[in-house]
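# Architecture and fold: a report
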Amino acid sequence: MEGVNLVCFLLLLGAISDGFSCVQISAMNSGIHCTESEKIALIKFRQGFRNPLQSMSSWMLEENCCKWKGVECDNKTGHVIALDLHKQFLQGEFATSLLGLPHLRHLDLSQIDFLGAQVPEFISTFKNLEYLNLSKNKFRGTIPEHLGNLSRLQFLDLSDGFSLRVDNLQWIRHLFSMKILDLSGVDMSDAKNWLHDINLLTSLTELHMSACQLDQLLPSNSFMNLTSSLRIFDLSLNHFQAPIPSWLFNTSHSLVYLNLTRSQVRGLLPNAFGNMYSLRVVDLSDNSLLGNLPPTFVNMSSVTFLDISRKSLEGNLPPALSSKLKILDLSNNNMEGPLARSIAQLRQLVVLDVSWNSFNDSITDHFLNFSNLQVLDLSSNSIILNLTATWMPRFQLDFIGLQSCQLSTHFPLWLQTQKEFSFVDISGAELSGKVPEWFWNLSAKVKHMNISNNYFRGEVPEVTERLTSLEELDLSWNNFDGPLPHFSPTMMTLILDHNSFNGTISPVCESLVMNNSLMFLDLSSNSLSGTLSDCWRYGKNLAVLNLARNDLSGEVPHSIGYLTTLRWNKFEGNIPLEICQLKSLIILDLSSNALSGTIPKCVGNFLTLAGVEEVPSLIYGPFEVYREDVMMMLKERGYDHRAHFFLGIDLSENHLSGEIPGEITTLVQLRFLNLSWNNLTGAIPHDISNLHNLEALDVSRNALSCFLPSNMVKLDYLAIANFSYNRLTGKIPTGNQFATFSTDCYIGNPDLCGVPVSQGCSGHFHEDITHCNSNSPRKQEVDATQSNENNWLDESSFYISMGIGFITTFWVFWTTLLLKKSWRYAYMRYLDNMANKIYK
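Below is a short write-up of the structure. Just so it is clear, the model here is predicted, and its values are computed rather than measured. (Residues numbered from 1 in each chain as written. Predicted model: local features only at pLDDT ≥ 70, side-chain atom pairs only at ≥ 80, totals over all residues. Heavy atoms only, no water.)

### Here we look at the overall build of the protein chain
If you tally the helices and strands in the protein chain, you get eight helices and 49 strands. Counting every position in the protein chain, which comprises 840 residues, the buried fraction comes to 53%. Taking as baseline every contact in the protein chain between residues at least 6 positions apart, the subset at least 24 positions apart corresponds to 53%. (Helix = DSSP H or I, 4+ residues; strand = E, 2+ residues; numbered from the N terminus. Buried < 20%, exposed > 50% of the residue type's maximum accessible area, 1.4 Å probe, protein only. Contact = heavy atoms within 4.5 Å.)

### So, the sheet that holds strand β46 (residues 705-706)
The parallel open sheet is built from three strands, whose spatial order is β46-β48-β49. Either end of the sheet is taken by a strand with one partner, and the two such strands are β46 and β49 (751-753). (Pairing = 2+ DSSP bridges.)

### Section: the environment of A703
Tracing the backbone through its elements, the reader meets A703 in the loop between β45 (696-698) and β46. What makes A703 buried here is its relative accessible area of 17%.

### Thoughts on the state of the cysteines
What the rule picks out here adds up to four disulfides. The disulfide bridge from C34 ends at C65, spanning 1.7 Å between sulfur atoms. Residue C34 is located in the loop between α1 (2-15) and α2 (36-47), and its partner C65 is located in the loop between α2 and β1 (71-73); the two are separated by 31 residues in the primary sequence. Pair check on accessibility: C34 and C65 agree, each one buried. C753 shares a disulfide with C761; S-S distance 1.7 Å. (Disulfide = S-S within 2.5 Å.)

### Side note on the nonpolar core
Ranked by size, the top nonpolar core spans 211 residues in total, and within it M209 and F273 carry the most contacts. Elements that contribute at least two residues to this core include exactly α2, β1, β2 (80-84), α3 (194-198), α4 (340-344), β21 (358-363), β23 (382-385) and α5 (506-511). Looking at which element gives the most residues to this core, the answer is α2, with four residues. Both domain 1 (35-115) and domain 2 (573-761) contribute no fewer than three residues apiece to this core. Ignoring anything within four residues of it in the chain, the contact list for M209 reads L169, L181, L183, S184, M188, W194, I198, L214, D234, L235, S236 and N238. In terms of nonpolar packing, the next biggest core, distinct from the first, is built from eleven residues, V256, V281, V350 and F423 among them. (Core = buried A, V, L, I, M, F, W, Y, C linked by side-chain atoms within 4.5 Å. Domains from an automatic or database assignment.)

### Here we look at the environment of D534
Mapped onto the elements of the fold, D534 is located in the loop between β34 (527-531) and β35 (544-546). Spatially, the C-alpha atom of D534 lies 5.8 Å from that of S559, the residues being 25 residues apart in sequence. Excluding anything up to four places from it in sequence, D534 contacts P557, H558 and S559. Polar side-chain contacts of D534 include one of 2.4 Å to the side chain of S559. (Polar contact = N/O pair within 3.5 Å; in protein donor to acceptor, adjacent residues only side chain to side chain.)

### Description of the side chain of S724
Its location among the elements puts S724 in the loop between β47 (720-722) and β48 (727-731). For S724, a relative accessible area of 5% corresponds to the buried category. One polar contact links S724 to N722, side chain to side chain, over a distance of 2.7 Å. Residues within four places of S724 in sequence aside, it is in contact with S700, R701, D744, C745, Y746, I747 and N749.

### A look at the packing of aromatic side chains
Applying the stated criterion across every chain, the model contains 24 aromatic pairs. Between the aromatic rings of W59 and W68, the centroid separation amounts to 5.1 Å while the plane-to-plane angle is 20°, which identifies the pairing as stacked. Its relative accessible area of 2% is what places W59 among the buried residues. By relative accessible area, W68 is classed as buried at 1%. With a centroid separation of 5.0 Å and an interplanar angle of 75°, the aromatic rings of F249 and F273 are classed as edge-to-face. Of this pair, F249 sits in the loop between β11 (242-243) and β12 (257-259) while F273 sits in the loop between β13 (265-268) and β14 (281-283), placing them 24 residues apart in sequence. (Phe/Tyr/Trp six-rings, centres within 6.5 Å; stacked < 30°, edge-to-face > 60°.)

No statement about biological role is implied by the geometric values presented.
Next comes the structure, spelled out in structure tokens:
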């Protein structure tokens, strides 16, 4: 919705045009010369930057420094009173030589990279300073409290300092003259009394504290006079978890701009909004507000911008709203009832977005009598556009959102008048027939086109030469036929599934030129045929490729190593090792093919990133179940293919053999694993418990053996499991989610025992380990037991043999001495001689 953003920006800019004001620095101060000491100070300050040549080229010693770019001098004294170097793309040091400019009143060094330094404390010595802008400087650390010494300061901007923080805001109390304060992006989570401190700035007209990690919206005392002078109030992107405070509705205030978007305010919308007659811009989007839109909103007669989208608002629209409204966004709520009469009087509307509600109405061209309308989004309501065939709208739309609206059965002719749109969505509108030729030629600016879920037929013309800006095209769920259209290098998303496209996919190969932008391609459920060319070298940006349910055949091309998420059908041969180059894979789906060989061990190389909690939980099923989740994730991440998550593997219905590689257990973010209907053997890897995010596991219809690893009970998210028709043995794991699996999960494994199968596990139940993997802990345990038993037998045999030998030898020796007299005399002489030798 770039058109929406542009319009909103222009209107907001107009709403606060009398807010922020910057002092214009004159480059010419004719007749006035700066002092030598101040010129030297500026030169030294310039030397602190690494790249001053282009942006500070006028800073020459021989020139009058009052004529230098960004420098202004006092017309009488010649002292430098203003230094403005914003947006000069400088990088370097905030040098102390700036202290040589003691008369400074205006200092703007915004958007200069000071390389993560701290905000220098010496700034507090510029007692005459009235304007200080240090925004977007990449400063780090704590904002110095010494800034409170700048008592003449009227403008202070330290915004977008997302590495800055404050411990408290007590120092802000001394800035008595402060009118405009912007601390957006500064961490203020420790500044618990910030509201009390801000309340003491009685001259404050603008307060910007967006994304400051604030969590308190009520003052420490009951008295608040902040609104008496405040005109612009921005507390968006905070964490208040509280209702909109009553002190905002003081009737004496002059508030014109209120922004609480995504600030976690909750509760009912107060009726007191009707007292805020001066409000022109109200943004309360993305909060937790409930109930109806208060009827008092009709009293806010000055409002030009009203955004209360993405909440839980209910009920009907008030019969009348401010006739000055230019932007009305009530999208993503639960509002219902009629719509036409409430919007008919809003003649100045530029943006009308009521999408994703439950409005039920019939709208005629009489109620769309707008002349400035640029954004029209009525999507996902029960709205009938009952427009006459000759209606000629006075507006030119940039954004056309009519998803699920009833537009009659034929193509709406009034669209032919729209020549400047960048977004058009007429999906699910029950349109039929051929898409008229003029529709493809309407707008050269179109980037997003969605005409899916209709009954269109015929061939799609070659529109890429005309629609060179087109980035997203969705023609799915229609009756289009003929060859595939070519697409331009700018195309990012092409969805053509569930049609009758025929022929080869050569137009895709011809369109995949170098430096193309294609990231999502869905050609499933068509009548495409032939082989898949080895043409994917330039498809390295692809995040999703779905070719399922076609008549493609042949081997998987080796250039898939340049792709990411795949689905092929009717392909033969081994899974090529190039598949392991897919470092950004989301879903690997090679099911229902004729693939053979083993599963490559290098599947463990697939990249899995931290932050798995950001990926939505999935429901196991065909690829279509995941498409919306994956598309949403890609859009939220700006189509950054380096930030994808690896979610699942489906290799079912092939002829794969060998063992399940243990490396697969390193994919700790895996959500589903389907290896069913193959010829896999061996054991289920013991480390499968590492897949702690696994939700679905199907290894049925294989020849797996050995035991179900007992540690599988640690798979807390496992909701679907199928181990049927294998050769598994032993006891079924018990506890946790295994208590929910039925007998059907184990059928066809006669040697499995325990709950829920009928066969009990006795203490002497024989466990067949002949097919177990040599690395299985259970096999190692049994082998160790058998080894101990064999060692015991060997050791016992040794001692028994030694005993028998000793006894036999003993009795043979002494029996011989008793029976042979000569031996007995010889033995006695031997003992006598030995004794003599010992005692000598």
